[in-house]
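# Observations on chain architecture
So the chains spell out like this:
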Amino acid sequence: MSFIHERRTRNPRLLSRNTIINLLRFFWVVLVIWCEFGVFFYSLSNCKWPDRELKEAGSTEKPTRVLLISDPQLPNPRRSGISWLGYDASSTRYLRKGWSVVTRLHPHAVVWLGDVLASGRYVTSEDEYKNYVDEFKGIFTTDKSVPNYFVPGNRDVGLGESSAFSKNARKYFTEYFGPVNQEIDLAGHRLIFIDAPGLVDEDYRRHGMGKQYETWTPAVGGPIEFIASVTIKASSSPIILFSHIPLSRPASTSCGPLREKGSIRASAGYGYQNMLGKETTRFVLHMLRPAAVFSGDNRDYCNMTHHLPATDVNVLAKTSVREVTVKSFSPSRHIRRPGFQLLSLIPPDSAVSPHGSTFADAACLLPDTFRIFNSIYLPALVLTAIVLLYLDMSPDRHRRRFSTLSPISATRSRPGSPLSGPESAIWTNWSPRRSSGPTSPAAALPVRVPSGKEIFTFRALSAPGSPHNSPLLSPIPLFHAGHEDEMNPAHYPSQHHSDNVWPSGEDVHETPSFLPSPSARRSERKWPSWSWSFVFGGRRRRITIALPTWEVMKRFCTSDNGDSMSRGKRRGMLWRLGGDSVSVALPSVVTWVLIGWLFF
């Protein structure tokens, strides 16, 4: 007796399903660690304090390091309703990670160039403002030995008249962040912080009354009065000016190679103004004659040079001043990479040359979140989806199938050649539903074979649920209807079996069923389809595309297994795909939460 066994294929151990799933988990954990945290540390690899420039000038004094931060614009958690998936929450997490990395530069002082709070001008309650400030200080923590100096921005104190702005915004800012106009001495330099939004408001009032700055009576405690008081002091220390709003310049002025796009142009609107007025800029530069100007508000970087008005007092005085507009520290749709500025100062008396530079600055950039998503996360997500889809759509190679009949050939037996009886899983000792009851005979049954007639042989195909190494159907002779008279019932005792011999459902002489003809299938299809023909390789071919029916979609989502040995209903492909996606994503999500909670 010969048996045909189905060969069972196994995946290599390195390419097994569990191995691929674990590799995807490890890949996403590493990807999250790098893209969410590692890129912030990597961004500082090229960010160095510009101390070398001062040392190359011959100075031996240790520089004083000042960190310049512009436009953090911390969202108000009470007003924005921060959620884990919202933009405000994403911006807040970016600020936390960025600041945690920047503080590793160990600055000696920090200057905030305005727009510290995104909605500080709208807060009318002092309790709410206090909670807002506590949120800010909880994120931007510094050592107590490091002083912080704040310049007011239009989002902090407001600009222009509006009923939506809080009347106490400037008062709250002064109480919790310090004076809106102030002067400090640091490393032999005079650092001047001016209230740029207040200067714009006073400039509108002056212009409305048709007066020049020479005849204008400054407002008490206003920025114009403060600037005039600074010039009265006789001091040879260089002045460094800090203003939230940039100074005026021509629209065609280039901002240097570090700017991402465009230039700063004059514009004004509800609660903002891009630049100070021309007369205001001329007044500030003429009165202060600063050695450098640092501003913010524009979000993007800009490096340009102003020409100072001529003076008869000092012929050797500088005739130009450099202004740097610092990049926004918070992410914005206007820029791809946020940033900050580093400023190093040395006392003027420590400089080798009397005309040598006593300060140096350098720009630093933070990671580009949009590029990370488009260039890393999105391709990785697509690749992971393709791999999981392939794993879930591939047939399960470890599942055996029941045997089914399918005609494979039509042969003619030789006259007088004996044929052995049918051999199949039905006539073997083993049965997938074998019980303690009666079983079919194990020996081959005698079969009368007419000579010279066509005999169709059949082969067993795999069907779901058959056991491993189960014997398959061997060729079974079938006769033409014209030979029914030659069949002797005495040779086929199986046709007169009793219930004790043939279990129900195992009769091999059931009426065979065949697939319907293509024409019948086309006639039964009532779902929309599209078909067209074309010539390829010298032969006419046809392609038909039909929308999936509801029954097909149901089988696509969930499939039933009628085998009584299976554990109920098998999961559908979409269900498996969802489960695998969660299984792959869960370790990376847990890693992201833990690292963010422990270190940021």
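The structure displayed is predicted, hence computed values, not measured ones.

Helix and strand counts for the protein chain come out as 14 helices and 17 strands. Taken across its 600 residues, the protein chain has 40% of its residues classed as buried. Looking at the protein chain alone, contacts between residues at least 24 apart form 76% of all its contacts between residues at least 6 apart. Of the roughly 34,800 Å² that the protein chain leaves accessible, carbon and sulfur atoms contribute 57%.

Attention shifts here to the pairing of strand β17 (residues 539-546). Relative to β17, strand β16 (residues 529-536) runs antiparallel, the two sharing eight bridges. When the sheet's bridge partners are listed, F534 is paired in β17 with R541. Connecting β16 to the next strand, β17, in antiparallel fashion are two residues, including G537 with a positive phi near 65°.

Bringing the nonpolar core into the picture now. A general feature of soluble globular proteins is that nonpolar side chains tend to end up buried together. If you look at the biggest cluster of nonpolar residues, it comprises 51 residues, and the most contacted ones within it are W99, W112, F136, F177, F329 and F340. For this core, the leading source of residues is helix α1 (residues 17-43), giving eight residues. In this structure, W99 is in contact with L67, I69, V110, W112, I139, F140, T141, T142 and F329, ignoring residues within four places of it in sequence.

Moving on, we come to the packing of α1 against helix α14 (residues 573-599). Where α1 meets α14, the closest approach of the two axes is 9 Å, and the angle between their N-to-C directions is 30°. Considering the angle they form, α1 stands roughly parallel to α14. Here α1 runs over α14; the crossing is right-handed. Contacts from R17, I21, L24, R25, W28, V29, V32, I33, E36 and F37 in α1 reach D580, S583, V584, P587, S588, T591, W592, I595 and G596 in α14. Of the residues that constitute the contact of α1 with α14, the class distribution is 11 nonpolar, four polar and four charged.

All right, on to the sheet that holds strand β3 (residues 148-150) then. Strand order in the open sheet formed by five strands is β3-β2-β1-β12-β13, with mixed pairing between adjacent strands. With one partner strand each, in any of the chains shown, β3 and β13 (359-365) form the two edges of the open sheet. Neighbour-to-neighbour, the strand axes of the sheet open up by a mean angle of 20°, direction not taken into account. Judged from the seven bridges that link them, strand β12 (residues 339-345) and β13 form a sheet pairing that is antiparallel. Residue pairing for β13: L345 is matched across the bridge by F359.

If you trace the backbone, S344 turns up in strand β12. Only 2.7 Å separates the side chain of S344 from the side chain of D51, close enough to count as a polar contact. The residues contacting S344, other than those within four sequence positions of it, are W49, P50, D51, L54, P63, T64, R65, T358, F359 and A360.

Another point: unusual backbone geometry. Even without a glycine there, the phi angle at D71 is positive, about 50°. By the element assignment, D71 lies in the loop between β1 (64-69) and α3 (77-80). At R299, a position not held by glycine, the phi torsion is positive, near 80°. Topologically, R299 is positioned in the loop between β9 (292-295) and β10 (302-307). Relative accessible area serves as the criterion here: at 12%, R299 is assigned to the buried category.

Enumeration according to the criterion identifies two disulfides in this entry. Put simply, C47 and C364 are joined by a disulfide, and their sulfur atoms are 1.9 Å apart. Handedness of the C47-C364 disulfide follows from its S-S torsion of about 80°: it is right-handed. Placement of C47 in the loop between α1 and α2 (51-56) and of C364 in strand β13 is noted, with a sequence separation of 317 residues between them. The exposure classification of C47 matches that of C364, with both residues buried. Through a disulfide, C255 is tied to C302; the S-S separation comes to 2.2 Å. When the S-S torsion is -70°, as for the bridge of C255 with C302, the disulfide is left-handed.

As for its position among the elements, T253 is in the loop between β6 (239-243) and β7 (268-269). Accessibility expressed as a relative area gives 19% for T253, which makes it buried.

It is worth spelling out the sheet that holds strand β5 (residues 189-193) at this point. Here six strands make up an open sheet; going across it, the order is β4-β5-β6-β9-β11-β10 and the pairing mixed. Strands at the two margins of the open sheet, each flanked by one partner only, are β4 (182-186) and β10. Each neighbouring strand pair of the sheet contributes to a mean axis angle of 20°, computed without reference to strand direction. As paired strands, β10 and strand β11 (residues 320-325) are joined by six bridges and run antiparallel to one another. By the bridge assignment for β11, H307 is matched with S320.

All told, the structure shown has 25 aromatic pairs when counted by the stated rule. With 6.3 Å between their ring centres and 5° between their planes, W28 and Y377 make a pair best called stacked. Placement of W28 in helix α1 and of Y377 in helix α11 (residues 369-393) is noted, with a sequence separation of 349 residues between them. Taking relative accessible area as the criterion, Y377 reaches 15% and is therefore assigned buried. The rings of W99, W112, F136, F140, F150, F173, F177, F329 and F340 are connected pair by pair, giving a single aromatic cluster. Against the face of Y213 rests R206, its NZ or CZ located 4.3 Å from the ring centre.

Attention shifts here to the confidence of the model for the protein chain. The predicted model of the protein chain averages 78 in pLDDT, with 68% of residues at 70 or higher. Per-element confidence in the protein chain is highest for strand β2 (residues 109-112), whose mean pLDDT is 98, and lowest for strand β14 (residues 404-412), whose mean pLDDT is 43. Note on residues 1-11: pLDDT is under 50 here. Beyond four places in sequence and across chains, it has 24 contacts. Segment residues 559-570: pLDDT under 50, and 12 contacts once partners within four positions in sequence are set aside and those in other chains are kept.

Position of A363 relative to the elements: it lies in strand β13. On the basis of relative accessibility, which here comes to 32%, the residue A363 falls in the partly exposed class. With 315 residues separating them along the chain, A363 and K48 place their C-alpha atoms 9.1 Å apart. Not counting chain neighbours up to four residues away, the residues in contact with A363 comprise L258, Y301, F340 and Q341.

Bringing the pairing of β12 into the picture now. β12 sits mainly inside the fold: seven of its seven residues count as buried. Here β12 shows a buried face lined by G339, Q341, L343 and L345 and a second buried face lined by F340, L342 and S344. As defined by bridge partners, β1 adjoins β12 across five bridges and the pair is classed as antiparallel. Bridge pairing in β12 links L67 to L342.

Reading guide: rules and limits
- Residues numbered from 1 in each chain as written.
- Predicted model: local features only at pLDDT ≥ 70, side-chain atom pairs only at ≥ 80, totals over all residues.
- Heavy atoms only, no water.
- Helix = DSSP H or I, 4+ residues; strand = E, 2+ residues; numbered from the N terminus.
- Buried < 20%, exposed > 50% of the residue type's maximum accessible area, 1.4 Å probe, protein only.
- Contact = heavy atoms within 4.5 Å.
- Areas by Shrake-Rupley, 256 points an atom, 1.4 Å probe, with all protein chains shown as cover.
- Pairing = 2+ DSSP bridges.
- Core = buried A, V, L, I, M, F, W, Y, C linked by side-chain atoms within 4.5 Å.
- Axes fitted to C-alpha atoms, helices over the stretch in contact; angles between N-to-C directions.
- Parallel < 35°, antiparallel > 145°, perpendicular 65-115°, else oblique.
- Left-handed = near helix turned anticlockwise from the far one by under 90°.
- Nonpolar A, V, L, I, M, F, W, Y, C, P; charged D, E, K, R; others polar.
- Polar contact = N/O pair within 3.5 Å; in protein donor to acceptor, adjacent residues only side chain to side chain.
- Disulfide = S-S within 2.5 Å.
- Phe/Tyr/Trp six-rings, centres within 6.5 Å; stacked < 30°, edge-to-face > 60°.
- Lys NZ or Arg CZ within 6 Å of the ring centre and 35° of its normal.
- pLDDT = per-residue confidence, 0-100.

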